[in-house]
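# A look at the structure
If you want the building blocks of each chain, they are given just below.
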Amino acid sequence: MSDLGSEEAEESADAAGGIGEYEGDRNSEGERHGFGKALLPNGDTYEGEYERGLRNGQGTYRFKNGALYTGTYVQNKKHGKGVFFYPDGSKYAGDWVDDQKQGFGEYLYANGDTYTGDWSNNMRHGKGTYVYKDTGSKYVGHWVNGIQEGPAELIHENHTFKGRFLNGKPLGRGKYIFKIGCEQHGEYVEAVQEKEEEEEEEEEAPPPVESKWKVSEITELTPWSPQDEEREAAEALTEEEKPPTETQEDESHDPSNISNAGGEEEVNGDQEDEEITGLEE
């Protein structure tokens, strides 16, 4: 399953290839201009608007393998609003720029999952929501080059995790919010991976290190969010930069106010947290 689509590359390649058969309007110079229908040398077909020999305006391009694009073209490239239907049953509807998914769009995957949000260079990038069909869980937050990264919420049926993600995994401070009316605060820390004594220097790179959830406290519901961490850090920096006064007697900022004490607990890692890696090939 892929939302990059080799069909799109074939479409561009064919545009630079042979002429094929054409029936439709032409300008005074004999170029395809206006509305027309074309059968391309590779078996694909196009029906829509042309301008000076190039697909330009609204049109529908049908690939011989069953894929289909219907939407706006600018100089032979998908540009503007359009819908692309893939042979595996997946579908993208949204913005295009120079043949790339760029802007806002919704992707329905062949397995029933959906992503709605920002795109850049054919990848999920910016703010977006990914819904897992099998569990109903959803990731609401930021993406960088197709990977979950930045402040986000992972919403399940009975609880929600609110924190930050890095390379598709939660990392740093966060909290679990339970529908019964309480929260579990803590942080995800990377587990230390010990090297074997006889490990050779030129060995394959180790697999990604999994993060573990360390509990700090359980509280009633609070308004804390990942953005608060940035604000707290900025306020702390501002306090440190203030000049000392006569009334300040050794009241330095104590960074140990946030306790990391408490039992250590393995996160109940739902499979959907890891399903996103490899959706795009």
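Above this text you will find the structure in question.
Note that the coordinates shown come from a computational prediction; the quantities given were computed from them, not determined experimentally.

## Section: the overall build of the protein
Tallying secondary structure elements over the protein gives two helices and 17 strands in all. Within the span of the protein, comprising 281 residues, buried residues form 35% of the whole. Counting contacts in the protein only where the partners sit at least 6 residues apart, residues at least 24 apart contribute 29% of the total. Looking at the protein as shown, the accessible area adds up to about 17,000 Å², and 48% of this sits on carbon and sulfur atoms.

## Re unusual backbone geometry
Residue Asp98 is not a glycine yet carries a positive backbone phi of 50 degrees. Structurally, the position occupied by Asp98 is in the loop between strand E7 (91-97) and strand E8 (100-108). Assessed through its relative accessible area of 44%, Asp98 is described here as partly exposed. One non-glycine residue, Asn121, adopts positive backbone phi at about 50 degrees. Its location among the elements puts Asn121 in the loop between strand E9 (114-120) and strand E10 (123-131). By relative accessible area, Asn121 is classed as partly exposed at 47%.

## Quick look at the pattern of salt bridges
Here the structure, examined in full by the defined rule, presents five salt bridges. One salt bridge in this structure joins Glu183 and Lys175, with 3.0 Å as the shortest N-O distance. This pair shows no difference in class: Glu183 is buried, exactly as Lys175 is. The structure contains a network of salt bridges with shared partners spanning Glu29, Glu31 and Arg52.

## As for the environment of Ile177
With respect to the helices, strands and loops of the structure, Ile177 is situated in strand E14 (residues 169-178). Considered as a pair, Ile177 and His159 are 18 residues apart in the sequence and their alpha carbons are 5.5 Å apart. The contact partners of Ile177, leaving out residues within four places of it in the chain, are Asn158, His159, Thr160, Lys162, Cys182, Glu183 and Leu221.

## Some points on the pairing of strand E12 (residues 147-155)
Pairing of strand E11 (residues 138-144) with E12 involves six bridges; the strand directions are antiparallel. Paired with Val144 across the strands is Ile147, a residue of E12. Linking two consecutive strands that pair antiparallel, namely E11 and E12, is a turn of two residues; a positive phi of about 50 degrees is found at Asn145 within it. By the bridge criterion, six bridges tie E12 to strand E13 (residues 159-166) in an arrangement that is antiparallel. Across the sheet, residue Leu154 finds its bridge partner in E13, namely Phe161. What sits between E12 and E13 in their antiparallel hairpin is a turn of three residues.

## Details of the packing of aromatic side chains
Under the definition given, this model contains 30 aromatic pairs. When the ring of Tyr69 is compared with that of Trp96, the centres are 5.6 Å apart and the planes differ by 85 degrees; the resulting orientation is edge-to-face. Here Trp96 lies in strand E7 and Tyr69 lies in strand E5 (residues 68-74), a separation of 27 residues in the sequence. Residues Tyr69 and Trp96 agree in their burial class; the two are buried. Their ring planes at 90 degrees and their centres at 6.1 Å tell us that Phe161 and Trp213 sit as a pair that is edge-to-face. Here Trp213 lies in strand E16 (residues 211-220) and Phe161 lies in strand E13, a separation of 52 residues in the sequence. Overall, the relative accessible area of 3% leaves Phe161 in the buried class. Given a relative accessible area of 0%, Trp213 falls into the buried group. When the ring centre of Tyr92 is taken as origin, the NZ or CZ atom of Lys101, which lies over that ring, is 5.6 Å away.

The rules we used
Residues numbered from 1 in each chain as written. Predicted model: local features only at pLDDT ≥ 70, side-chain atom pairs only at ≥ 80, totals over all residues. Heavy atoms only, no water. Helix = DSSP H or I, 4+ residues; strand = E, 2+ residues; numbered from the N terminus. Buried < 20%, exposed > 50% of the residue type's maximum accessible area, 1.4 Å probe, protein only. Contact = heavy atoms within 4.5 Å. Areas by Shrake-Rupley, 256 points an atom, 1.4 Å probe, with all protein chains shown as cover. Salt bridge = Lys/Arg side-chain N within 4 Å of Asp/Glu carboxyl O. Pairing = 2+ DSSP bridges. Phe/Tyr/Trp six-rings, centres within 6.5 Å; stacked < 30°, edge-to-face > 60°. Lys NZ or Arg CZ within 6 Å of the ring centre and 35° of its normal.

Any link to function would need more than the numbers given here.
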